Amino acid sequence: MKKLFIAALLVVGMTSFAQERKARPERAQMEQMTPEQRNQLHLKKLTLELDLNASQQKEMSKIIAEQSAKREAKMAERKASKDSAKKQLTTDERFAKKSQMLDEQIVMKDRMKKILSADQYKKWDDMKGKRHNGMKKRMAYHQNRKPAKMGDKK
């Protein structure tokens with residue numbers, strides 16, 4: 001009787017692990033939201049977190065739309081440069097890109113200071129810092145998980 005019970009448990013256990021898993025759809029197959037939908041969701045999220053009034057919402061909507069357009073253009077540019085198999089950037093080119101990015105961040109901070117109250121700005125800056133730190137952690141995690149190349153020794 002004991003053996004029959006153990007055999008039944010094994011069979012049930014094996015069949016439960018053998019169940020077909022529903023495959024997650026690939027990113028390309030997933031439905032993508034339109035840029036307008038993404039912008040609206042971002043604006044609503046900021047409105048909830050920062051308690052924006054109507055005039056602030058209008059200004060933020062403009063900023064979000066501009067950022068989204070810039071992001072799309074940069075992604076297209078990156079994809080084009082990746083497809084053309086261009087060599088690595090020179091030191092001067094990297095410096096120029098980094099400098100331009102920092103200039104844009106400075107302009108963005110100034111715009112946000114004009115739109116938001118002092119408390120709202122502090123909250124926004126904290127949110128941005130948390131997002132930045134989370135991204136750093138994820139990147140460090142993924143860099144540590146990369147498989148070693150054939151010639152690498154550890």
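In case you missed it, the structure is sitting above this.
Here's what I pulled together on the structure shown here. (Residues numbered from 1 in each chain as written. Predicted model: local features only at pLDDT ≥ 70, side-chain atom pairs only at ≥ 80, totals over all residues. Heavy atoms only, no water.)

Scanning the protein from N- to C-terminus turns up five helices and zero strands. When the helices and strands of the protein are read in sequence order from the N terminus, they spell out α-α-α-α-α. Looking at the protein alone, contacts between residues at least 24 apart form 57% of all its contacts between residues at least 6 apart. In the form shown here, the protein has an accessible surface area of approximately 14400 Å², with 58% of it arising from carbon and sulfur atoms. (Helix = DSSP H or I, 4+ residues; strand = E, 2+ residues; numbered from the N terminus. Contact = heavy atoms within 4.5 Å. Areas by Shrake-Rupley, 256 points an atom, 1.4 Å probe, with all protein chains shown as cover.)

Right, let's get into the nonpolar core. In terms of nonpolar packing, the biggest core is built from 14 residues, with Leu46, Leu50, Met60, Met112, Leu116 and Trp124 touching the most fellow members. Secondary structure elements with two or more residues in this core: α2 (35-50), α3 (54-83), α4 (91-115) and α5 (118-145). In contact with Trp124, other than residues within four places in its own chain, are Leu46, Leu50, Met108, Lys109, Met112 and Leu116. (Core = buried A, V, L, I, M, F, W, Y, C linked by side-chain atoms within 4.5 Å. Buried < 20%, exposed > 50% of the residue type's maximum accessible area, 1.4 Å probe, protein only.)

With that settled, the discussion passes to the packing of α3 against α4. In contact at an axis separation of 11 Å, α3 and α4 are set at 170° when each is read in the N-to-C sense. Looking at the two axes, α3 sits roughly antiparallel to α4. Residues Gln56, Glu59, Met60, Ile63, Glu66, Gln67, Lys74 and Glu77 of α3 touch α4, and the partners they reach there are Lys97, Glu104, Met108, Arg111, Met112 and Ile115. Looking at side-chain class alone, the contact of α3 with α4 contains five nonpolar, two polar and seven charged residues. (Axes fitted to C-alpha atoms, helices over the stretch in contact; angles between N-to-C directions. Parallel < 35°, antiparallel > 145°, perpendicular 65-115°, else oblique. Nonpolar A, V, L, I, M, F, W, Y, C, P; charged D, E, K, R; others polar.)

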